[in-house]
Amino acid sequence: MGVANRVAALALALAAFTGGPGQAADVKIKVGVLNDRSGIYADLGGEGSVEAARMAVEDFKAADKGIMVDIVSADHQNKPDIGANIARQWYDQDGVDVILDVPTSSVALAVSQITREKNKVFIDSGAGAADITGKQCSPNTILWTYDTYALAKGTAGAMVKNGGKSWFFLTADYVFGHSLQKDAAAIVTAAGGTVVDSVNVPFPATDFSSFLLQAQASHADVVGLANAGGDTVNAIKQASEFGLTQGGQKLAGLLVFISDVNALGLEAAQGLNLTEAFYWDLNDGTREWSKRFAARHGGKMPTMVQAGVYAGLLHYLKAVDALKSKDAAAVLAKMKATPTDDPLFGRGSIRVDGRTLHDMYLFQVKTPSESKGPWDYYKLIQTVPAADAFRPLGEGGCPLVKG
Amino acid sequence: MHSIFGIPTPALFGQLLLGLINGAFYAMLSLGLAVIFGLLNVVNFSHGAFYMLGAFTGWLLLAGLGLGYWWALLLSPLIVGVLGMAVERLLLARLKGLDPLYGLLLTFGLALIIQGVFRNIFGVSGLPYGVPSQLAGARNLGFMILPNYRGWVIGLSLLVCLATWLGIEKTRLGATLRAATENATLTEAFGINVPRLVTLTYGFGTALAALAGVLAAPIYSVNPNMGADLIITVFVVVVIGGMGSILGSIVTGFGLGLAEGLTRLVYPAGSATVVFVIMIVVLLVKPAGLFGRST
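Residues numbered from 1 in each chain as written. Chains lettered and ligands numbered in written order. Predicted model: local features only at pLDDT ≥ 70, side-chain atom pairs only at ≥ 80, totals over all residues. Heavy atoms only, no water.

- Naming follows an unreviewed UniProt entry, where chain B appears as Branched-chain amino acid ABC transporter permease of Lichenifustis flavocetrariae.
- UniProt lists a comment for chain B under the heading Sequence similarities (unreviewed entry), and it reads "Belongs to the binding-protein-dependent transport system permease family. LivHM subfamily."
- Listed in UniProt under the heading Subcellular location (unreviewed entry), the comment for chain B reads: "Cell membrane". (UniProt positions renumbered as here; feature names shortened; annotations may be inferred.)

- As recorded in an unreviewed UniProt entry, chain A goes by ABC transporter substrate-binding protein and comes from Lichenifustis flavocetrariae.

This is the structure:
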């Protein structure tokens, strides 16, 4: 037995003594924000998600209600093995009760599995694979913000309705890109459109000009970008260079975050159609919160992922407060039984498969002349009501759904 | 419609031209690498970081001082070149006489540090940088739409490559440089300050990388990882061309761009791999590279 192990054992023994029944008046909760803090998704979650979690605790006035919250954070580097190790250590040794955020679907699925084993709570905001609440759903996992199905449905559905009948896909050549294309193509055909062609772009890619030329030559109404992050930024930047939209074709980003639009600048991003679950300038509630967030986070407006971390933790704290307990099964049941209601996502609910239902929004990126200042990027085109935005409960293949 | 091997000719020409433009970036970056390897015997893994620094310096000049693209094109290579010289003087010079592996490790570590610092300050999503207004727009060449900016990239990089090649092959300074590459001790005996020559060469190589960075800023995402994404392909170019061969890196740079362009048309999914396949074939047939001298 090594020194470290002995120390750990001692600490555990101590914890057992100090946490005895004599001090049960307060509920002590440990929250772990697990996300990408250095890689391609660091800007859409990262430290901003930790800040959002802190704001949730402060806004809820948890301490006044006898709930002591401690927040820890770690970098999963977008690697499932690293994410799984951290989750295990957090649950087994550090006493973490709930894990938040976790972008990158492969890591999210691993953490979901471990959370179920350990019977803890996992509220995901950053990952997008619809399978998390589908075939691989778990009673302990909630997917708060978005998924690939909802994004495809919002963007592709609305664009076909508005005359974008024929589609050409630029697809990142790995699992995520293909599943995004599959979801979107299904919605395009269901809405009466056609998929003319698609091209598999090696991932990651810097130069999209050849593929954009093929997209141009296809004369499809819409060029769908089934990719993410730096690939999307490069593709959009070069589409604007090649005059794709000036030629009458429309560009549809199937996974675009406001941080990507900020990186592109409006000159290159203007006219892009995209779906998000949250935008800072939607209503008074989102504006008030977002301005407070930006003041604490270097002037950067929140992404929908960071907003989802805030709202998810808030809903969790409400359940703990109502029960005066942090028992995972009881808290999860309470969370699913209580309608969600917060200033960022409005009213909604959590389904048995873990899917949070709230409105989704189809936006169009403003032109530089329409924008009144920094971060004034989106025009609201259409609100997709919660009931229509997500995959119907019966179609996901989640074993928790009976009937 | 005319076609060659079942591919419509306009599409073929379009892809070839685009391939050539990508080749221009490869050529400029591998040129700097080749010059540095030729003279310093250093496998400069921080080349990608200097390329990224070039693009970021362009952005900083614009955001901080309001100096636009044309100023960046001039100033950014100068600034990064001076930085490169400082790196050579303060760090690389100390490794003289050691196994080249140490130089590789040093420059690789340096690249990681530079990228990490920039990631911390600027995040990973990237920064906006637009095409200069004089070069905005596109023209219809009949077989494809060519953005004016891409035309400019290919013209300028051809010019730079040609000037570098002429400078090294045809001028007195170039002759000294080649002599120092061949035999540094003997060259020094002729009263030539070889360490200074080495510093200037490294500075020039990094300046070339920075110039490529500024050229790339309006069309590629300006982010801390932009160099790391490109550097592997550039090394492949140098290996195929023959380590240290100036002409080899220029010809191979453009050639691989073309090969990639063609693959994108015929079998898109393979376009990222094709350069490696070519490398393997070349190494099997000519282990010293196409233009390299076997030693």
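From this point, the narrative continues.
**Here's the deal with the UniProt feature "transmembrane region" (unreviewed entry) in chain B**
Residues and elements named next belong to chain B.
- Taken from the UniProt record, the annotation "transmembrane region" (unreviewed entry) applies to residues 12–37, 73–92, 104–129, 149–168, 200–220, 232–258 and 265–285.
- Across residues 200–220 one finds 81% helix and 0% strand; the C-alpha atoms that close the span lie 29 Å apart.
- In this annotation, residues 265–285 is assigned 67% helix and 0% strand; the end-to-end C-alpha distance for the span is 27 Å. (Helix = DSSP H or I, 4+ residues; strand = E, 2+ residues; numbered from the N terminus.)

**Quick look at the interface of chain B and chain A**
- Chain B puts 32 residues into the contact, and the matching count from chain A is 29 residues.
- Of all residues in chain B, the largest losses of buried area upon contact with chain A belong to Val124, Ser125 and Arg264 of chain B, amounting jointly to 21% of the total for that side.
- Counting every contact that joins chain B to chain A gives three salt bridges.
- Where chain B meets chain A, there are 14 residue pairs in polar contact (both at pLDDT 80 or more).
- Secondary structure elements with two or more residues in the side of chain B that touches chain A: helix 1 (9–40), helix 4 (100–122), strand 4 (145–147), helix 5 (148–170) and helix 10 (246–266) of chain B.
- Top element by residues in the side of chain B that touches chain A is helix 1 of chain B. It accounts for four residues.
- Classifying every residue of the side of chain B that touches chain A gives 20 nonpolar, eight polar and four charged. (Contact = heavy atoms within 4.5 Å. Buried area = accessible area lost by both parts, 1.4 Å probe. Salt bridge = Lys/Arg side-chain N within 4 Å of Asp/Glu carboxyl O. Polar contact = N/O pair within 3.5 Å; in protein donor to acceptor, adjacent residues only side chain to side chain. Nonpolar A, V, L, I, M, F, W, Y, C, P; charged D, E, K, R; others polar.)

**Remarks on the nonpolar core**
- Of all hydrophobic cores here, the largest spans 85 residues; its most connected members are Phe25, Tyr51 and Leu215 of chain B.
- In terms of residue count, helix 1 of chain B provides more of this core than any other element does, 15 residues in total.
- Within the second largest apolar cluster, 72 residues are counted, among which are Leu255, Leu317, Ala328 and Ala386 of chain A. (Core = buried A, V, L, I, M, F, W, Y, C linked by side-chain atoms within 4.5 Å. Buried < 20%, exposed > 50% of the residue type's maximum accessible area, 1.4 Å probe, protein only.)

**Describing the domain arrangement of chain A**
All names here are of chain A.
- Domain assignment breaks chain A into domain 1 (26–146 + 284–358) and domain 2 (149–276 + 364–389).
- One C-alpha centre belongs to domain 1, the other to domain 2, and the line joining them spans 28 Å.
- Each partner contributes to the roughly 1,100 Å² buried at the junction of domain 1 and domain 2, and carbon and sulfur atoms together form 76% of this total.
- Counting across the domain 1 and domain 2 interface gives zero residue pairs in polar contact (both at pLDDT 80 or more).
- Among the residues making up the side of domain 1 that touches domain 2, the classes are represented as nine nonpolar, three polar and two charged. (Domains from an automatic or database assignment.)

**Considering the state of the cysteines**
All names here are of chain A.
- On inspection of all chains with the given rule, the structure shows one disulfide over all chains.
- Note on cysteine connectivity: Cys137 is disulfide-linked to Cys398, with sulfurs 2.0 Å apart. The chirality of the disulfide connecting Cys137 with Cys398 is right-handed, given an S-S dihedral of about 75 degrees. Taken together, the positions of Cys137 in the loop between strand 4 (121–124) and strand 5 (141–143) and Cys398 in the segment after helix 14 (386–389) put the pair 261 residues apart, joining distant regions of the chain. (Disulfide = S-S within 2.5 Å.)

**As for the packing of helix 2 (residues 47–65) of chain B against helix 9 (residues 226–241) of chain B**
All names here are of chain B.
- The N-to-C vectors of helix 2 and helix 9 enclose an angle of 135 degrees; their axes lie 8 Å apart at closest approach. Relative to helix 9, the element helix 2 lies oblique. Here helix 2 runs over helix 9; the crossing is right-handed. Taking contact as the criterion, the partners of His47, Gly48, Tyr51, Met52 and Ala55 in helix 2 are, on helix 9, Met226, Gly227, Leu230 and Ile231.
- Residue composition of the contact of helix 2 with helix 9, by class: six nonpolar, three polar and no charged. (Axes fitted to C-alpha atoms, helices over the stretch in contact; angles between N-to-C directions. Parallel < 35°, antiparallel > 145°, perpendicular 65-115°, else oblique. Left-handed = near helix turned anticlockwise from the far one by under 90°.)

**Describing the sheet that holds strand 2 (residues 67–75) of chain A**
Residue and element names in this part refer to chain A.
- Spatially, 2-1-3-4-5 is the arrangement adopted by the five strands of the open sheet, whose pairing is parallel. Two strands in the sheet have a free side with no partner beyond their single neighbour: strand 2 and strand 5. On average, adjacent strands in this sheet sit at an angle of 20 degrees to one another, irrespective of strand direction.
- Contacts from helix 4 (residues 105–118) reach strand 1 (27–35), strand 3 (98–101), strand 4 and strand 5, with the element oriented near 160 degrees to strand 4. (Pairing = 2+ DSSP bridges.)

**Comments concerning a nonpolar patch on the surface**
- The grouping of Val277, Ile280, Val281, Leu284 and Val285 of chain B at the surface amounts to a nonpolar patch, some 510 Å² of accessible area in total.
- The exposed category is assigned to Val285 of chain B, whose relative accessible area is 65%. (Patch = residues over 30% accessible without salt bridge, like charges linked within 9 Å, V, L, I, M, F, W, Y side chains within 5 Å. Areas by Shrake-Rupley, 256 points an atom, 1.4 Å probe, with all protein chains shown as cover.)

**Let's talk about the pairing of strand 3 of chain A**
All names here are of chain A.
- Judged from the four bridges that link them, strand 1 and strand 3 form a sheet pairing that is parallel. Bridge pairing links Val33 to Leu100 in strand 3.
- Across four bridges, the pairing between strand 3 and strand 4 is parallel. From the neighbouring strand, Val98 faces strand 4, where its bridge partner is Val121.
- In this fold, strand 3 hands off to helix 4, which returns the chain to strand 4; that crossover is right-handed. (Right-handed = clockwise from strand over helix to strand, strands pointing away.)

**Some details on the pattern of salt bridges**
Residues and elements named next belong to chain A.
- Per the stated rule, a full pass over the model turns up 22 salt bridges over all chains.
- Linking Arg88 and Glu117 is a salt bridge whose minimum nitrogen-to-oxygen distance equals 3.5 Å. With Arg88 in helix 3 (residues 80–92) and Glu117 in helix 4, the pair connects residues that are 29 residues apart, well separated along the chain.
- Owing to a relative accessible area of 47%, Glu117 belongs among the partly exposed residues under this scheme.

**Observations concerning the environment of Ser76 of chain B**
All names here are of chain B.
- Assignment of secondary structure puts Ser76 in helix 3 (residues 69–90).
- Ser76 sits 51 residues away from Leu127 along the chain, and the two C-alpha atoms are 16 Å apart.
- When near neighbours in sequence (up to four residues on either side) are disregarded, Ser76 contacts Gly54, Thr57, Gly58, Leu61, Trp71, Ala210 and Val214.

**Considerations on the sheet that holds strand 11 (residues 340–342) of chain A**
All names here are of chain A.
- In spatial order, the strands read 11-12-13; together these three strands make up an open sheet with antiparallel pairing. Strand pairing shows two members of the sheet lacking a second neighbour, strand 11 and strand 13 (356–357), which therefore form its edges.
- Of the pairings in the sheet, the one linking strand 11 to strand 12 (residues 346–350) comprises three bridges and is antiparallel in character. Residue pairing for strand 12: Asp342 is matched across the bridge by Gly346.

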